[in-house]
Amino acid sequence: MKDSGSPEISRRGILAGGAAAVAATHVPLADAQTATRSGLKPALAKVEMTVNGKRQAMELDTRTTLLDALREHLHLIGTKKGCDHGQCGACTVMVDGKRINSCLSLAVMHQDDKITTIEGLGTPDKLHPMQAAFIKHDGYQCGYCTPGQICSAVAVIEEIRAGVPSHVTGDLTAKTPISNAEMRERMSGNICRCGAYSNILEAMTEVAETRA
Ligand code: FES
Ligand code: FES
């Protein structure tokens, strides 16, 4: 069937053309290790970092993200890949104590950095206080976003304690309060499709108060 007004272009043709364009331009980052174009070999680089207290040496395609290095090379699959575009926070890990979206950072940029993933925060026998609080307050349902939420929550409490201002901080000269508004604002990059936000906030509040 021809589209009205465009006799040469069919709806099927547009869809096929669009799909081909996407396939041609989108090379999944997870495949970066093996991707070659026109016989060119990927550029490899050596990188060493400390992950959860253990020194790790890898030789990676320079396009490999920190997220893929953790999941595909070190098999630390606690860190999740949600959007792979820096929009959901599922891939949040801590680098030298600060949270980042690991899908937006190349692994080779982390030479000698200290990376902490959910596996490094606590163990089933010895939970991190934030992990225990998430369980106590039902801070999750499906759990897919939870590793990123917990890493972010731990870093957020430290950020506030360190006096790092946020968009909602009213007085930059006063001590930043560990308030609902501050925590909500700072956690806004961590999306939970199950909508466990209020329970996550309760868990964070408990940790902030018990360790105040
Ligand atoms: Fe990194 Fe969504 S997977 S922000
Ligand atoms: Fe399911 Fe957050 S617990 S997405």
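Preceding block: the structure.
Residues numbered from 1 in each chain as written. Chains lettered and ligands numbered in written order. Predicted model: local features only at pLDDT ≥ 70, side-chain atom pairs only at ≥ 80, totals over all residues. Heavy atoms only, no water.

1. Thoughts on the overall build of the protein
- Counting its secondary structure elements, the protein contains 7 helices and 7 strands.
- Taken from the N to the C terminus, the helices and strands of the protein come in the order β-β-α-β-β-α-β-β-β-α-α-α-α-α.
- Within the protein, buried positions represent 38% of all 212 residues.
- Put simply, of all contacts in the protein between residues at least 6 apart along the chain, 53% involve residues at least 24 apart.
- Within the structure as shown, the protein displays about 12,200 Å² of accessible surface, and the carbon and sulfur contribution to it stands at 55%. (Helix = DSSP H or I, 4+ residues; strand = E, 2+ residues; numbered from the N terminus. Buried < 20%, exposed > 50% of the residue type's maximum accessible area, 1.4 Å probe, protein only. Contact = heavy atoms within 4.5 Å. Areas by Shrake-Rupley, 256 points an atom, 1.4 Å probe, with all protein chains shown as cover.)

2. Structural notes on the pairing of strand β4 (residues 54-61)
- Both strand β3 (residues 44-51) and β4 contribute to a ladder of 8 bridges, which runs antiparallel. Bridge pairing in β4 places T50 opposite R55.
- Connecting the antiparallel pair β3 and β4 is a turn made up of 2 residues, with N52 showing a positive phi of about 50°. (Pairing = 2+ DSSP bridges.)

3. A word on the packing of helix α4 (residues 129-136) against helix α7 (residues 197-210)
- Interhelical geometry of α4 versus α7 gives an angle of 135° and a closest axis separation of 8 Å. Classified by the angle their axes make, α4 and α7 are oblique. Of the two possible hands of crossing, α4 and α7 adopt the one that is right-handed. In this structure, α4 contributes P129, M130, A133, F134 and K136 to the contact, and α7 contributes I200, A203, M204, E206 and V207. (Axes fitted to C-alpha atoms, helices over the stretch in contact; angles between N-to-C directions. Parallel < 35°, antiparallel > 145°, perpendicular 65-115°, else oblique. Left-handed = near helix turned anticlockwise from the far one by under 90°.)

In short, geometric facts, not functional conclusions.
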